[in-house]
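Structural overview for review
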Amino acid sequence: MKSLTLRNLHKTYFDPAVGTRVTAIQDVSLEIGPGEFVAVVGPAGCGKSTILNMVAGFLPATRGDIIVGDRPVKGPGRDRGVVFQNFALLPWKTVIDNVGFGLKMRGIAKPERDRIAMEFLELAGLSHAAERYPNELSGGMQQRAGVVRALANEPDVLLMDEPFASVDAQTRMTLQEELMRIWGERRHTVLFITHDVGEAVFLADRVVVLSKGHVLREIPITIPRPRG
Amino acid sequence: MNAILEALDRYAHWAARWPVLAALAPFVPVVALWWGVAAAGVFPRAFFPAPPDVLQSFLTLTYKGILPAYLEDSIGRLAAGVSVGILLGIPLGILVGLSGVARKALWPVLLFFQAIGDIAWLPLLLIWFGFGLGTMTFVIVYTVIFPVVINTALGVRSIPPELVRAAQSLGAPRWRILTDVILPGALPNIMTGLRNGLGYGWRALIAAEIIVGTSGIGFLMFDARRAGSAVEIVLGMIVLGLLWYIVDAWILAPIERATGQRWGLVTRA
Ligand SMILES: Nc1ncnc2c1ncn2[C@@H]1O[C@H](COP(=O)(O)OP(=O)(O)O)[C@@H](O)[C@H]1O
Ligand SMILES: [Mg+2]
């Protein structure tokens, strides 16, 4: 696992249609140690997704540095696995092919990547759904697939943008517990975005409170795991 | 009332078991009506042939080898034109869909040339290519390419950006984004474009054959008019309808069932 460092990060959006600038992120610095689970919490529109999208390499930062291990981020890359709020599974690939997609991109042959993908599907309790298409799965099952798709590619850092916000409350609790079980075994470095303070406190080693684009405060969570 | 419902119910069961017969069944009353009107002798037989006359003409023309040869010519021309139209149209549509610059530059041109219409080109094409395959291919490519380009571009634009981002984060290089995200994502729209393009292309072909043709189904029908043979014209019309049905039921619909519908991107008709 590697550390993730954000240093004096700024982001200004320019809307050419209106001709106005919106400052979404203002001087955010954050140090996430190897294997640490950090949750960023804040109300809608405070800039959470903007931060995650810059770390993922989807958006360029206006100013500041993002460093994974000792390498600065330039664009998207497989060292940072991303879990999306709306799952973003490829609808034309079966569940097992979605989970094996990153391995395929690395040139791993079909039998080997199916074996690895199957291991991860078992980890998520999804082996029975391997040959199904995403649209044949419930939201909770789709997001389980979304999480193990990112994990199967062995990223250094896991980035999650409100991953459980679009499933029902019951499923959300199960998914949170499963995430804790998996993280407990593998200890990924995690940047977890949520608007739900309870979720942040349940999951994270440290909670970063974001407000209007800057860090309001950082709160270490010392409650021993498993938390209930 | 109950008896009608019961009969409909029995028909539904039977139709599910014999899909080919079920596809033909709705034509029974159409043919019966046609036959009835013809038999009543309201119109002279030479102007309004009955089903047996058309069948007779079908058998004669098939036996002489004219119908198979013409059919082969028409289908060959359509296949050539449609293939070129697809090979040019899909890449162009992807370019227009992906690049804002290309879209701004090409969209007005596309709309302009689409508005001219295929048949309007024929006088000029006859000067350029004469009465030959060049003219026909141009007309078909011209008709096919616009719906393919426009629908492919729409399909590309309809792909959620998150799918591209997900693939990038999993380490997909640019060409993999194209083959594994853009193309499958745009496929349902590409199929729509193809369906429209084939329909327009087929009509354009018949029109071109009528005007410039020396063979083909369109030529058969126009030649029959010269000879005053209504029966061959009706035969040509039936062949056109049947061919379209075959293309749709045996080629397009199965592809759509196996892709967009299976993936939950389009709802079943
Ligand atoms: N592409 C964009 N162009 C202009 N403004 C944007 C864009 N994306 C986000 N914003 C603005 O930046 C602010 C932060 O957005 P976002 O990071 O999505 O917030 P959150 O994820 O916390 O809800 C909001 O005010 C939003 O309107
Ligand atoms: Mg957000």
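Just above, that's the structure.
Here goes a summary of the coordinates provided. What you see is a predicted model, and the numbers here were worked out from it, not measured in a lab.

1. Concerning the overall build of chain B
Helix and strand counts for chain B stand at 12 helices and zero strands. Burial analysis of chain B (269 residues in total) assigns 39% to the buried set. Within the structure as shown, chain B displays about 15000 Å² of accessible surface, and the carbon and sulfur contribution to it stands at 71%.

2. Focus: unusual backbone geometry
Residues and elements named next belong to chain A. The peptide bond linking Arg225 to Pro226 adopts the cis configuration, its omega dihedral lying at -5°. With respect to the helices and strands, the residue Pro226 is situated in the segment after β10 (214–220). Although it is not a glycine, Phe87 adopts a positive phi angle of roughly 70°. Assessed through its relative accessible area of 11%, Phe87 is described here as buried. Not every positive phi belongs to a glycine, and Arg187 is a case in point at roughly 50°. Taking the relative accessible area as the measure of exposure, Arg187 reaches 41% and is therefore partly exposed.

3. Topic: the nonpolar core
Residue and element names in this part refer to chain A. Ranked by internal contacts, the top residues of the largest apolar core, which has 87 residues, are Leu4, Leu6 and Leu159. Not counting residues within four places of it along the chain, the set of residues in contact with Leu6 comprises Val28, Ser29, Leu30, Ile51, Val55, Asp65 and Ile66. Counting residues in hydrophobic clusters, the runner-up holds 44 residues, among them Leu137, Val147, Ala150 and Leu175.

4. Some remarks on the site of ligand 1
All names here are of chain A. With respect to spatial proximity, the complete set of residues near ligand 1 consists of Tyr13, Ala24, Pro43, Ala44, Gly45, Cys46, Gly47, Lys48, Ser49 and Thr50. Between ligand 1 and Tyr13, the relevant distance is 3.4 Å, taken from a nitrogen atom to a side-chain nitrogen or oxygen of the residue. Backbone polar atom of Lys48 to an oxygen atom of ligand 1: 2.9 Å apart, as the coordinates give it. Bound to the protein, ligand 1 loses 60% of the 560 Å² it would expose on its own. Ranked by residues supplied to the shell around ligand 1, first place goes to helix α1 (residues 48–56) with three residues. Residue composition of the shell around ligand 1, by class: five nonpolar, four polar and one charged.

What counts, and at which threshold
Residues numbered from 1 in each chain as written. Chains lettered and ligands numbered in written order. Predicted model: local features only at pLDDT ≥ 70, side-chain atom pairs only at ≥ 80, totals over all residues. Heavy atoms only, no water. Helix = DSSP H or I, 4+ residues; strand = E, 2+ residues; numbered from the N terminus. Buried < 20%, exposed > 50% of the residue type's maximum accessible area, 1.4 Å probe, protein only. Areas by Shrake-Rupley, 256 points an atom, 1.4 Å probe, with all protein chains shown as cover. Core = buried A, V, L, I, M, F, W, Y, C linked by side-chain atoms within 4.5 Å. Contact = heavy atoms within 4.5 Å. Near = heavy atom within 4 Å. Polar contact = N/O pair within 3.5 Å; in protein donor to acceptor, adjacent residues only side chain to side chain. Nonpolar A, V, L, I, M, F, W, Y, C, P; charged D, E, K, R; others polar.

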